[in-house]
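# Understanding the architecture of this molecule
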Amino acid sequence: MRELMQALREAAGKAILEAEDVDKLEELRIKYLGKKGEMTAILRQMGKLSAEERPVMGQLANQVRAEIEGLLEERRRAVSEAMLEKKLEREALDVTLPGEKPHLGHKHPMYNVLDQIKDIFIGMGFEILDGPEVELAAYNFDKLNIDEGHPSRDWTDTFYFTEDSQILLRTQTSPMQIHAMETRQPPIRVLAPGRVYRKDEVDATHSPMFHQIEGLVVDKGVTMADLKATLNLVVEKIYGKGTVTRFRPHHFPFTEPSCELDIQCHKCGGKGCPTCKGEGWIEILGAGMVHPKVLSGCGIDPDVYSGWAFGMGLERLAMGEYKITDLRLIFENDVRFLEQF
Ligand code: PHE
């Protein structure tokens, strides 16, 4: 038995030294010292020993057990340390490496143009307004003197939410004129940019969603001369001094008289080119003197006050400014496109 015990000690010592990880060590502990392990197997033969030999054998067993436990513990510590070192090596962080540059986006080209226009109007004392894109027909049409039969109210042109055609996606920013006049007293000077919606098929110049900028001035003694002077000034600030403008008679139900404003093509100087489609002129906005019916509908006395308003498409302006030839590029948000501006 003594020899068996010695053999066990030697075998265990060797195996423990060869173990490479903590799991293997635990396996060895069970193999040698566990309840069903080799040590137990040897001790089972104690019965064969004489009464004097038994305590000596017991003592030897305890000693061998203690030795093996000591070896296990020592090896466990060594293995853990090595594993930790390996782990640290693997996860080593080189703080001297250059960092990864975060990818910063920048303002969309259309919003560059919008901000430029806002600045111009803020400089003239206008207040910037925001309003609902889901609108009542009352605001999008009725209060703007657009009656039931008007073609723009057709289901083929306008997105409606309800069968009774009372709730819709606004087709223009002009309802902001009504919101402005219903919530403030003259003098009123507001600019209201925002999205508008029309049932248009997508192509290079059309989109069912686009942006308009609405402007409104209401005060005592406001005339068409104010409208022309202000818009001429705005055009000069956007397109440069000396840009030639043309006010053409037009019709809008909510302004009287109404006009459209053209600028002489800044590309060809009016001779006709692809930018102005051979016309020499580019239409940039609709405008007019606020209709007396619209004023009185908002509780403003048309005998005391008068006003002018305009509505301008934003995409067309941005496309002109940045020489963008396809409207779809503005909304696709392809970074390869956007990064150019
Ligand atoms: N709302 C008009 C349109 O969408 C533009 C406009 C605005 C005309 C204000 C006159 C006054 O075409």
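Bear in mind the structure is a predicted one, so any value in this text is a computation, not a measurement.

### Section: the overall build of the protein
Scanning the protein for helices and strands turns up 12 helices and nine strands. What you see for the protein is a C-alpha radius of gyration of 43 Å, clearly larger than the 20 Å of a compact globule of 341 residues, by over 25%. The principal-axis extent of the C-alpha atoms belonging to the protein is close to 130 × 50 × 35 Å. Each of the 341 residues in the protein was classed as buried or not, and the buried ones make up 38%. When contacts within the protein are restricted to residue pairs at least 6 apart in sequence, long-range pairs at least 24 apart make up 66% of them. Of the roughly 19800 Å² of accessible surface on the protein, 53% is carried by carbon and sulfur atoms. Side chains of the protein carry 43 positive and 55 negative charges; the gap between the two charge centres is 6 Å.

### A short note on the environment of Gly-299
Along the polypeptide, Gly-299 turns up in the loop between helix 9 (292-297) and strand 9 (306-313). As a C-alpha pair, Gly-299 and Met-181 span 118 residues in sequence and 8.0 Å in three-dimensional space.

### So, the sheet that holds strand 6 (residues 245-252)
The sheet built from seven strands is open, its strands ordered 1-4-5-9-8-7-6 with mixed pairing. The two strands at the open ends of the sheet, each matched to only one other strand, are strand 1 (127-128) and strand 6. Where strand 8 (residues 281-290) lies against strand 9, five bridges are found, and the strand directions are antiparallel. When the bridges of strand 9 are listed, Leu-285 appears paired with Met-312. Against the sheet, helix 5 (residues 109-123) makes contact with strand 1, strand 4 (188-197), strand 5 (209-219) and strand 9, and its axis sits at roughly 165 degrees relative to strand 4, the strand it touches most. Across the sheet, helix 10 (residues 314-322) touches strand 5, strand 8 and strand 9, and the angle it forms with strand 9 is around 55 degrees.

### Details of the packing of helix 1 (residues 2-18) against helix 2 (residues 22-33)
In contact at an axis separation of 10 Å, helix 1 and helix 2 are set at 170 degrees when each is read in the N-to-C sense. As far as their axial angle goes, helix 2 and helix 1 are roughly antiparallel. Side by side, helix 1 and helix 2 meet where Leu-8, Ala-11, Ala-12, Ala-15 and Ile-16 of the first sit next to Leu-25, Leu-28 and Tyr-32 of the second.

### Topic: the domain arrangement of the protein
Here the domain parsing of the protein yields domain 1 (2-90) and domain 2 (109-338). Between the C-alpha centres of domain 1 and domain 2 the distance comes to 90 Å.

### Quick notes on the site of the ligand
Taken together, 14 residues sit near the ligand, with Gln-172, Ser-174, Arg-198, Gln-212 and Gly-311 positioned nearest. Within the contact set of the ligand, a nitrogen atom lies 2.8 Å away from a side-chain nitrogen or oxygen of Gln-172. Arg-198 places a side-chain nitrogen or oxygen 3.1 Å from an oxygen atom of the ligand. In the complex, the protein chains occlude 89% of the 320 Å² of accessible area that the ligand would expose alone. Going through the elements one at a time, strand 5, strand 8 and strand 9 are the ones with two or more residues in the shell around the ligand. With three residues, the top contributor of residues to the shell around the ligand is strand 9. Residue classes in the shell around the ligand are distributed as five nonpolar, seven polar and two charged.

What counts and what doesn't
Residues numbered from 1 in each chain as written. Predicted model: local features only at pLDDT ≥ 70, side-chain atom pairs only at ≥ 80, totals over all residues. Heavy atoms only, no water. Helix = DSSP H or I, 4+ residues; strand = E, 2+ residues; numbered from the N terminus. Rg over C-alpha atoms; globule rule 2.2 N^0.38 Å. Buried < 20%, exposed > 50% of the residue type's maximum accessible area, 1.4 Å probe, protein only. Contact = heavy atoms within 4.5 Å. Areas by Shrake-Rupley, 256 points an atom, 1.4 Å probe, with all protein chains shown as cover. Lys, Arg positive; Asp, Glu negative; His and termini not counted. Charge placed at Lys NZ, Arg CZ, Asp CG, Glu CD. Pairing = 2+ DSSP bridges. Axes fitted to C-alpha atoms, helices over the stretch in contact; angles between N-to-C directions. Parallel < 35°, antiparallel > 145°, perpendicular 65-115°, else oblique. Domains from an automatic or database assignment. Near = heavy atom within 4 Å. Polar contact = N/O pair within 3.5 Å; in protein donor to acceptor, adjacent residues only side chain to side chain. Nonpolar A, V, L, I, M, F, W, Y, C, P; charged D, E, K, R; others polar.

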